[in-house]
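Geometric and topological summary
Here is what each chain is made of, one letter per residue.
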Amino acid sequence: MEPAIGGRVLVPFRQQRMSGIVVDLHDRKPTVQTKNVVSVLDPAPVLDEQLMRLGKWIADYYLAPLGEVFRTMLPLSAEFKRTITYRITEQGHLALHLGGMSGSSARARRTPEDQLAEFRVLDYLANRDDPVREQGLRSATRVSRAVLTGMVRKKWLDREDISDARDATRTVKVAVLRSTVSPDEALQLANGATGIPARRAKLNRNQQVLLNALTEAGGRADTETLRALDVPSTTLNTLVKRALVEIIEEPAEFHVSRVKARPSPFEFEFNSAQKQALQRMQEAIAARTFSGILLHGVTGSGKTAVYLAAMRTVLEAGRSAILLVPEIGLTPTVAADLHQVFGDEVAMLHSALSDQERAEQWHRIKRGEARMVVGTRSAIFAPVSDLALIIVDEEQDSSYKQEETPRYNARDVAVMRAKMANAVVVLGSATPSLESYYNATKHKYALLELPDRVEQRPLPEVELIDMKQEFQETGAEQVISRKLAEEIRERLERKEQVMILLNRRGYSPVALCRACGSRMECRNCAVALTHHKKSNRMVCHYCGFQAPVPKHCGECGSEYVYFLGTGSEKLEELLHGMFPQARIGRLDRDTVRGKEDFERTLSALNEGELDLLVGTQMIAKGHDVHGVTLVGVVGADIALGFPDFRAAERTFQLLTQVAGRAGRGQTPGKVVLQTYFPDHYAVQYAARHDFTGFYEKELRFRSWMHYPPYSALANVLVRSDRLDEALQWSGLLGKWFEKTRHEGIRVLGPAAAPILRLKRDYRYHFVLKSASREKLNALLRTMLAYAAAQKIPRTQVIVDVDALWLM
């Protein structure tokens, strides 16, 4: 099989075999030593010419390795079987013999826990001649992958990483009644009948339960469903041995969404603003040239209905469209809407799918079986043909920005892909980013407005509660103010639904010693551990480190450990105590482990099975639940205290979005907004639903300080697990920036990052601002070349172009 540009090949790489993308075919003599390709995986390109160009643009603009970009663009890891093995080296044997002490500096940097973990690994491997698989090694020694990586770096272990192509087709095991067993006979057996041939002698109770379930399911059911019954796992095997049931493998079905679809938007009459917006989009699509549109519509104005109508226009023309949503939680609802309108023409791409499901959906799109694609940021790379329309819903959302290499923003990539495809890109939001709205006012995008809610429904009334005053009047710190408690009680009595936002998960965010004042911090990060009551653990929300809940202070031994603050888990418990008859659910990253969890809770809310929903920002955007008439906001202004120039914008957006969940049905809604900063302009403008007023005021501050949209911005982060190295490297780069002429570029730093230590690394950063993206990009490239010449590892210098997170 001949390789193709844009196709994959399997190649040797050090002690590994990895897949790569062919970027060129030529007969020029190589200038470096080469190895032979192991095998060609694709007879045709998996990335077409347009996607190859897009990948190269991302690598160039975001200063990311091209291979990392292509890896991100292709969700096909399920098509490879990866096997990682380890074996002990001679140096490892020596370290084990000497007790792992390989120099005083190494001892100083390793904690007793690390030394013990390394000893367990070396001891386990010492008596084994054959390589041991990573999964088995980690299970037997209870160590993290980071520990093994560190031991490979010390040359105590050899690691081998092999990838081989495999079939990624998803299958499901199905139990089927044998054809020799009639339905009547199965029913008799399930009911304990006797007088049947010996091989089908009377069944025990567990076998009867399982056979009865199989009979009621029409003689066939997947084995996972049967194993969920309250019977031993061996029962099914017994029925197979007795020739009553056989197990077969079938291709697994894919459910786009289990959430009940909302009424079709086409059952309603569009208002004049919706009709005008749709007409402008249809005209732009028909022109087959690039067009950028910002659709600014208040919450509940029917933006989704306009999206679907525009996508239907595209499908009727035999072309393709991509709809991006910011949160996985929004995907099931939007996918249900799309499936109702477009049927099997819909495909989904997001990280909550399994590797096999993602590969399956990707191939459906590639084969042209699905022309309407919905998903989170990675869906922007969907291999659709004849792309006509890209829609980025909630375009301001920070989750469109990837916080690991390649650090791309899916919104900006969507604009570039639309340019390359001569397609239309629609950026939609009730609270557009300042950059996008500024571009629209400067006519880089066409600005379309939806100023009113559908069916002339009013925007919710917003009442501000000053929590400083609440404390003065009650003499105690209140999580739920008296006014909010009263409003919740009224809604519950009227059988209406309530949403409460607290954008902080866990039970208590801080564990503090009242004797010495020390707080319990993460071992790997300079952040406090959060108390999670249900799991009875202290958890770091940045690196995932967990520790037991302390009974005594780790510094002074005092037993007076105090848990400070409130998270969504504690708020749920508090509301259960205040309203014991209410049916209360919670949505945050602790309760949502997969798409089924989110779908289950959302369906319960839509069906009226929940009275009150507590959650983090997952509940703030996009959900259209007509029964919700009250939204309570608890502590959403916390972000105003962050050292981040976007703090006010983020707070305004979050408050406006969550307020928009109220009053989307026939009953008018209300928002009770608890705040310690009632006079802050972000809070005041959010309470008045005044985006334009906020935009103009915030824009003045940005212009004075030369922040976006008046300049391009990049964050350069230098990190190391050794403080002296992080200081040395950031000092080297700081001196280089001082000596280097960079006209038109402001360099701030080096300074300690607001979170000094994260995931074991000490962090120092520079913030660069320039009115010219070209000059900024050129300076960053030169800086990276200098860092490489100074032997600063490339992985320890992170360049984040158009950075959204400066913490």
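A brief look at the structure comes next. No experiment lies behind these values; they were computed from the predicted model shown.

1. Section: the sheet that holds strand 17 (residues 461-466)
A sheet is described by the order of its strands in space; here six strands give the open sequence 17-27-26-18-25-24, paired in parallel fashion. If you trace the sheet from one side to the other, it starts and ends with strand 17 and strand 24 (584-587), each paired once. Sheet twist, expressed as the average angle between the axes of neighbouring strands with direction ignored, equals 15°. Here five bridges tie strand 18 (residues 497-501) to strand 26 (residues 628-633), and the two strands are oriented parallel to one another. Looking across to strand 26, one finds that Ile500 is bridged to Gly632. Docked against the sheet, helix 22 (residues 647-659) engages strand 18, strand 26 and strand 27 (670-675), running at close to 155° with respect to strand 26.

2. Points about the sheet that holds strand 29 (residues 745-758)
Each strand in a sheet pairs with its neighbour through backbone hydrogen bonds, running either in the same direction (parallel) or in the opposite one (antiparallel). Within the open sheet, the four strands sit side by side as 29-30-28-31. Their pairing is antiparallel. This sheet does not close on itself; its edge strands, each paired only once, are strand 29 and strand 31 (797-801). Looking at each pair of strands side by side, their axes are set apart by 20° on average, direction ignored. As paired strands, strand 29 and strand 30 (residues 761-770) are joined by eight bridges and run antiparallel to one another. When the sheet's bridge partners are listed, Ala752 is paired in strand 30 with Tyr764. Helix 25 (residues 723-739) contacts strand 28 (712-720), strand 29 and strand 30 of the sheet and is inclined by roughly 20° relative to strand 30.

3. Brief notes about the nonpolar core
In terms of nonpolar packing, the biggest core is built from 113 residues, with Leu47, Val633, Leu768, Leu780 and Met783 touching the most fellow members. Per element, the largest residue contribution to this core is eight residues, and it comes from helix 16 (residues 410-421). Dropping the residues within four chain positions of it, Val633 is found in contact with Leu501, Leu655, Val658, Val671, Val672, Leu673 and Gln674.

4. Let's talk about the side chain of Asn777
One can find Asn777 in helix 26 (residues 773-789). What makes Asn777 buried here is its relative accessible area of 14%. What Asn777 contacts, discounting residues up to four positions off in sequence, is Asp60, Tyr61 and Leu63.

5. With respect to helix 12 (residues 272-287)
Counted at 1.5 Å a residue, the expected span for helix 12 with its 16 residues is 22 Å, and the 23 Å between its end C-alpha atoms agrees. Within helix 12, burial applies to Ala273, Gln274, Ala277, Leu278, Met281, Ala284 and Ile285. When helix 12 is viewed along its axis, its buried side chains cluster within an angular range of 130° and face the same direction. With respect to the buried face of helix 12, the exposed residues turned more than 90 degrees away are Ser272, Gln276 and Ala286. Put simply, Asn271 is the residue that caps the front of helix 12, since its side-chain oxygen is 3.2 Å from the backbone nitrogen of Ala273. A positive backbone phi angle near 55° is found at Arg288, which sits one or two residues after helix 12.

6. Thoughts on helix 2 (residues 66-73)
Those residues of helix 2 not exposed but buried are Val69, Phe70 and Met73. All buried residues of helix 2 fall inside an arc of 95° around its axis, so they share one side. Each element contacted by the buried residues of helix 2 is listed here: strand 2 (16-21), helix 1 (49-61) and helix 15 (355-366).

7. Observations concerning the side chain of Arg407
For Arg407, the location among the structural elements is in the loop between strand 14 (387-393) and helix 16. Put simply, Arg407 is tucked away with no salt bridge, and the nearest opposite charge, on Asp800, sits 4.3 Å away. Within the structure, the side chain of Arg407 is placed 3.4 Å from the side chain of Thr405, a separation counted as a polar contact. Setting aside chain neighbours within four positions, we find Arg407 in contact with Tyr62, Lys401, Gln402, Ile798, Val799, Asp800 and Val801.

Conventions adopted
Residues numbered from 1 in each chain as written. Predicted model: local features only at pLDDT ≥ 70, side-chain atom pairs only at ≥ 80, totals over all residues. Heavy atoms only, no water. Pairing = 2+ DSSP bridges. Helix = DSSP H or I, 4+ residues; strand = E, 2+ residues; numbered from the N terminus. Axes fitted to C-alpha atoms, helices over the stretch in contact; angles between N-to-C directions. Contact = heavy atoms within 4.5 Å. Core = buried A, V, L, I, M, F, W, Y, C linked by side-chain atoms within 4.5 Å. Buried < 20%, exposed > 50% of the residue type's maximum accessible area, 1.4 Å probe, protein only. Expected span 1.5 Å × (residues − 1). Arc of directions from axis to C-beta. Polar contact = N/O pair within 3.5 Å; in protein donor to acceptor, adjacent residues only side chain to side chain. Lys, Arg positive; Asp, Glu negative; His and termini not counted. Salt bridge = Lys/Arg side-chain N within 4 Å of Asp/Glu carboxyl O.

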